Amino acid sequence: MAEILELKLYKGKIPIKFYPANHAYYVDGKRKTGVTTFLGIIDKSRPLIYWAVGLFKDFLFENLPNGITEEQIEEGSKLHAQFKEQAATIGDMAHSWIEKYIAHKLKLTKEKPEIPDDPKVLNAINGFLSWEKEHKVKFISSERVVYSKKYDYVGKMDIEAEIDGQLCLVDIKTSNGLYNSVALQTAAYLKADEEESGKSYTGRWAIRLAKETEEEFIAKMEKKGKDTTGYVAFEAKFLDDSMKNIERDFKGFLSAKSLYEWNKETEEEFKK
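Residues numbered from 1 in each chain as written. Predicted model: local features only at pLDDT ≥ 70, side-chain atom pairs only at ≥ 80, totals over all residues. Heavy atoms only, no water.

1. Quick word on the side chain of Glu160
For step 1, the next point in the chain: Relative to the helices and strands, Glu160 is located in strand E6 (residues 153–163).
For step 2, the next point in the chain: According to the relative accessible area criterion, Glu160 is buried, its value standing at 2%.
For step 3, the next point in the chain: At a separation of 2.7 Å, a polar atom in the side chain of Glu160 contacts the side chain of Ser141.
For step 4, the next point in the chain: In this structure the side chain of Glu160 is engaged in a polar contact, spanning 2.6 Å, whose partner is the side chain of Lys199.
For step 5, the next point in the chain: Residues in contact with Glu160, not counting those within four places in the same chain, are Phe139, Ile140, Ser141, Arg144, Leu167, Cys168, Lys199 and Tyr201. (Helix = DSSP H or I, 4+ residues; strand = E, 2+ residues; numbered from the N terminus. Buried < 20%, exposed > 50% of the residue type's maximum accessible area, 1.4 Å probe, protein only. Polar contact = N/O pair within 3.5 Å; in protein donor to acceptor, adjacent residues only side chain to side chain. Contact = heavy atoms within 4.5 Å.)

Here is the structure:
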């Protein structure tokens, strides 16, 4: 039987069911679209295309001296999928450990999770632990479902915490860089939680956990003939030096939501 998370928000008036297996939300019995799905309308494919083409090109150059076969072309064309799956696994492992670590800190679980052996995962975890200590982070909740009754969207925010003595929302990404869509995502979560709980956040943090070690980064840059300096294993970015940022980013999210809904509504009409 599929795992189901059941909860009630807005003083017990709105029941929500979340199915982690397929990331599906049901609010009062009706399937609802999540924040990240709405943001999928924003095209972020260009960097991924350059990355995939680069993988294929490097593979072909490596095999060029011995002659390239049809089988190698087929193999090289699938490299991006293999590397993406591997990176996602590393990200999932790091995020999963942090989840369990916070649950232990909140006394939701008895045992502290064991530090993994994988150096890539360990690299990400050590960056997170250093940031926690530096900013005197006190965790309040983790992986909590939020829902906006006013705007009818749902999602799951990574972390709610006191950071440097201020109430903040934290979102964790495992990637080589932060996209500006994280500002829209966190604004949506923040506004939904403020609407439902009456809390008042000071701001948002975006945490980026590197997918590769410094040695791997340097080797990759040298291979491409690029500058090997500037590696950042861990990045913590505070998004709200100006409180106007939240309102700006929330408007951006609502615009993405409207565009997604327009696209879904009109797509079938134009296929006829």
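Picking up where we left off.
2. A few points about the sheet that holds E6
For step 1, the next point in the chain: The sheet built from five strands is open, its strands ordered E5-E6-E7-E8-E9 with mixed pairing. Looking along the sheet, the strands with just one partner apiece sit at the ends: strand E5 (138–148) and strand E9 (234–238). Pairwise comparison of adjacent strand axes, ignoring direction, gives a mean angle of 30 degrees for this sheet.
For step 2, the next point in the chain: Note that E5 and E6 share nine bridges and pair antiparallel. What sits directly across from Ser142, in E6, is Ile159. (Pairing = 2+ DSSP bridges. Axes fitted to C-alpha atoms, helices over the stretch in contact; angles between N-to-C directions.)

3. A closer look at the nonpolar core
For step 1, the next point in the chain: Core analysis: the biggest nonpolar cluster contains 23 residues, and Phe128, Trp131, Phe139, Ile159, Ile163 and Leu209 have the highest contact counts within it.
For step 2, the next point in the chain: No other element matches helix H4 (residues 79–105), which puts six residues into this core.
For step 3, the next point in the chain: The contacts of Leu209, once residues within four sequence positions are left out, are Ala94, Ile98, Ala124, Phe128, Ile172, Lys173, Thr174, Ser175, Ala233 and Phe234.
For step 4, the next point in the chain: Counting residues in hydrophobic clusters, the runner-up holds 21 residues, among them Val146, Leu167, Leu169 and Ala188. (Core = buried A, V, L, I, M, F, W, Y, C linked by side-chain atoms within 4.5 Å.)

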